[in-house]
Amino acid sequence: MNIEALAKPSVLTQPVYEPGKPIEYVARELGLDPAGIVKLASNENPFGPSPLGLAAAQRALLDGALYPDGGCFELRQALAGLRGLEADQFVIGNGSNEIIELLGHAFVGPGDEVVMASPAFVVYKLVTLLFGGRAVEVPLRDWRHDLGAMAAAIGPRTKLVCVCTPNNPTGTANEEAELLAFVRALPPHVVCVIDEAYAEYLPQAPDIRPLIREGRPVVGLRTFSKIYGLASLRVGYGYASPELCRLLNRLRQPFNVNAIAQAAAVAAIGDEAFTRRCAAANAAGLAQLGAGFGSMGLETVPSVANFQLVRVGDGMSVFGKLQKQGMIVRPMNSYGLKEWIRVSVGSETQNRRLLESLNRAL
Ligand SMILES: *Cc1c(COP(=O)(O)O)cnc(C)c1O
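Each value, and the rule that gives it
- Residues numbered from 1 in each chain as written.
- Predicted model: local features only at pLDDT ≥ 70, side-chain atom pairs only at ≥ 80, totals over all residues.
- Heavy atoms only, no water.
- Helix = DSSP H or I, 4+ residues; strand = E, 2+ residues; numbered from the N terminus.
- Rg over C-alpha atoms; globule rule 2.2 N^0.38 Å.
- Buried < 20%, exposed > 50% of the residue type's maximum accessible area, 1.4 Å probe, protein only.
- Contact = heavy atoms within 4.5 Å.
- Areas by Shrake-Rupley, 256 points an atom, 1.4 Å probe, with all protein chains shown as cover.
- Lys, Arg positive; Asp, Glu negative; His and termini not counted.
- Charge placed at Lys NZ, Arg CZ, Asp CG, Glu CD.
- Pairing = 2+ DSSP bridges.
- Axes fitted to C-alpha atoms, helices over the stretch in contact; angles between N-to-C directions.
- Parallel < 35°, antiparallel > 145°, perpendicular 65-115°, else oblique.
- Left-handed = near helix turned anticlockwise from the far one by under 90°.
- Nonpolar A, V, L, I, M, F, W, Y, C, P; charged D, E, K, R; others polar.
- Domains from an automatic or database assignment.
- Buried area = accessible area lost by both parts, 1.4 Å probe.
- Arc of directions from axis to C-beta.
- Phe/Tyr/Trp six-rings, centres within 6.5 Å; stacked < 30°, edge-to-face > 60°.
- Lys NZ or Arg CZ within 6 Å of the ring centre and 35° of its normal.

Q: Quick rundown of the overall build of the protein chain? Include the residues and the values.
A: Counting its regular elements, the protein chain contains 15 helices and 12 strands. Over its C-alpha trace the protein chain gives a radius of gyration of 20 Å, about what one expects of a compact globule, namely 21 Å for 362 residues. If you line up the protein chain on its principal axes, its C-alpha atoms span 55 × 55 × 50 Å. The buried share of the protein chain, reckoned over its 362 residues, is 51%. Sequence separation of 24 or more characterises 73% of the internal contacts of the protein chain that already satisfy a separation of 6 or more. Only carbon and sulfur atoms are counted for the fraction: they give 55% of the accessible area of the protein chain, which is about 16,300 Å². With 34 positive and 34 negative side-chain charges, the protein chain shows a separation of 2 Å between the mean positions of the two kinds.

Q: Give a description of the sheet that holds strand β8 (residues 236-239) that names residues and reports values.
A: Pairing within the open sheet is mixed, and its 7 strands lie in the order β2-β8-β7-β6-β5-β3-β4. Pairing within the sheet leaves two strands with one partner each, and these edge strands are β2 (90-93) and β4 (134-139). Averaged over all pairs of adjacent strands, the angle between their axes in this sheet comes to 25°, without regard to strand direction. Taken together, the 5 bridges between strand β5 (residues 158-164) and strand β6 (residues 191-195) define a ladder with parallel strand orientation. Across the sheet, the residue bridging to V161 is C192, located in β6. Lying on the sheet, helix α9 (residues 176-184) is in contact with β5, β6 and β7 (218-223); it crosses β6 at an angle near 160°.

Q: Residues and numbers for the sheet that holds strand β12 (residues 340-344), please.
A: Strands pair in a sheet through their backbones, by hydrogen bonds, and they do so in one of two ways: parallel or antiparallel. Pairing in this open sheet of 3 strands is antiparallel, and the strands run β9-β12-β11 from one edge to the other. Strands at the two margins of the open sheet, each flanked by one partner only, are β9 (307-311) and β11 (330-331). As paired strands, β11 and β12 are joined by 2 bridges and run antiparallel to one another. Paired with P331 across the strands is I341, a residue of β12. Its contacts with the sheet put helix α14 (residues 315-324) on β11 and β12, and the angle it makes with β12 is roughly 40°.

Q: Report on the packing of helix α4 (residues 51-61) against helix α12 (residues 259-269), specifying residues and quantitative values.
A: With their axes 7 Å apart at the nearest point, α4 and α12 run at an angle of 150° to one another. If you check the angle between α4 and α12, you find them roughly antiparallel. Handedness of the α4/α12 crossing: right-handed. Of α12, the residues touching α4 (which contributes L52, G53, A56, A57, A60 and L61) are A259, I260, A263, A264, A267 and A268. A per-class count over the contact of α4 with α12 returns 11 nonpolar, 1 polar and no charged.

Q: Lay out the domain arrangement of the protein chain in plain terms, naming residues and giving numbers.
A: We note that the domain assignment places domain 1 (3-48 + 273-361) and domain 2 (51-269) within the protein chain. In this structure, domain 1 and domain 2 have C-alpha centres spaced 23 Å apart. Listed by partner, the interface residues are 26 residues for domain 1 and 27 residues for domain 2. Contact with domain 2 buries surface across domain 1, with Q14, V304 and Y335 losing the most and accounting together for 24% of the total.

Q: Tell me what's going on with helix α5 (residues 73-83), and back it up with residues and numbers.
A: Within α5 the residues assigned to the buried category are L75, R76, L79, A80 and R83. Projected onto a plane normal to the axis of α5, the buried residues spread over an arc of 140° and lie on a single side. Away from the buried face of α5 by more than 90 degrees, exposed residues E74 and G81 are located. In the core, the buried residues of α5 are packed alongside β2, α10 (209-213), β7, β8 and α12. G84, located one to two residues past α5, shows a positive phi value of around 65°.

Q: Describe in detail the side chain of S357, supporting the description with residues and values.
A: Looking at where S357 falls in the secondary structure, it is placed in helix α15 (residues 348-361). By relative accessible area, S357 is classed as buried at 1%.

Q: Talk me through the packing of aromatic side chains; I want residue IDs and the actual numbers.
A: Applying the stated criterion to the full structure yields 8 aromatic pairs. On the numbers, 4.8 Å between centres and 45° between planes, the contact of F224 with Y228 is tilted. Given a relative accessible area of 1%, F224 falls into the buried group. A relative accessible area of 8% means that Y228 is categorised as buried. Residue placement shows R83 over the ring face of Y239; its charged tip is 4.4 Å from the ring centre. In this structure, R342 is placed above the aromatic ring of F307, and the distance from its NZ or CZ to the ring centre is 5.6 Å.

Right, here's the structure in full:
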């Protein structure tokens, strides 16, 4: 029996997400001790989970026999307090990636268009294709989203426009004024998605809440995977008008976010000391990496996030050489940046080890 012949044709052409290599995988492949491997490939928090979040997760595990609160009541209350919005202006996802998928479910059908930057976070394109849509990719300009060109790329079939700021994989950000003007000028048939996965690393993130108050069709995406250090628990959120949140909530699974993740996220919101410490350490780490790459004469893209693009020549080959030294980074060929690698900002020790390994690799 040919099982592929039974699947919808689009399944066979759907590209597959290439994640950063897990530590255990690299250890098995190369016969290395996992304890000696450093992963700087997925922009995870080098300082682990928020300690308050971790303690809450451990407590929540005791009730693991019970279904979670599918409505995420406490988490939405905590977010309302944190963000100065109402609890019904949040939709909680199994990672903010799930919210991107819910947006596809809600708005994208065969032949519809989604406007996005290139290179930008690849999940916008994957979700677009999943629903039979067409990805309209607009090249970056000076490594940043070219909002003028993105506005010009919008047509009658455009359903979503995705803006990632700070952008993954470049670490570059757009300014608040240009973002607000961009959304205010959108035609009324387009929903704007503003992915702010790295917003907490900015001294002052653009505030898109005025757009929501004005009733614009816009949704902001945030995650607990990065500065809160909870990537493994899978929890993120969208914030928007109550109407848009209600729409997305109809489409999710009844228990899409587990109770351990919910409890950890609530506690992590209250762990301001941790996030402040992580943001400060990240700024120092960016400077440390910048100085190191500079002294090796390597070109970088100025980043305001917790990762850095660096031009190393043959990115795939350098990725392999670093991996043999127990350093996992991200090759960028799937983003069309063959000469570059992306490295997450680690702890001071991890950054130093990366720079030493890279020096050897080159
Ligand atoms: C890491 C990241 C996310 C977060 O995804 P989760 O599903 O919440 O882990 C979202 N958007 C971008 C651009 C990212 O880099």
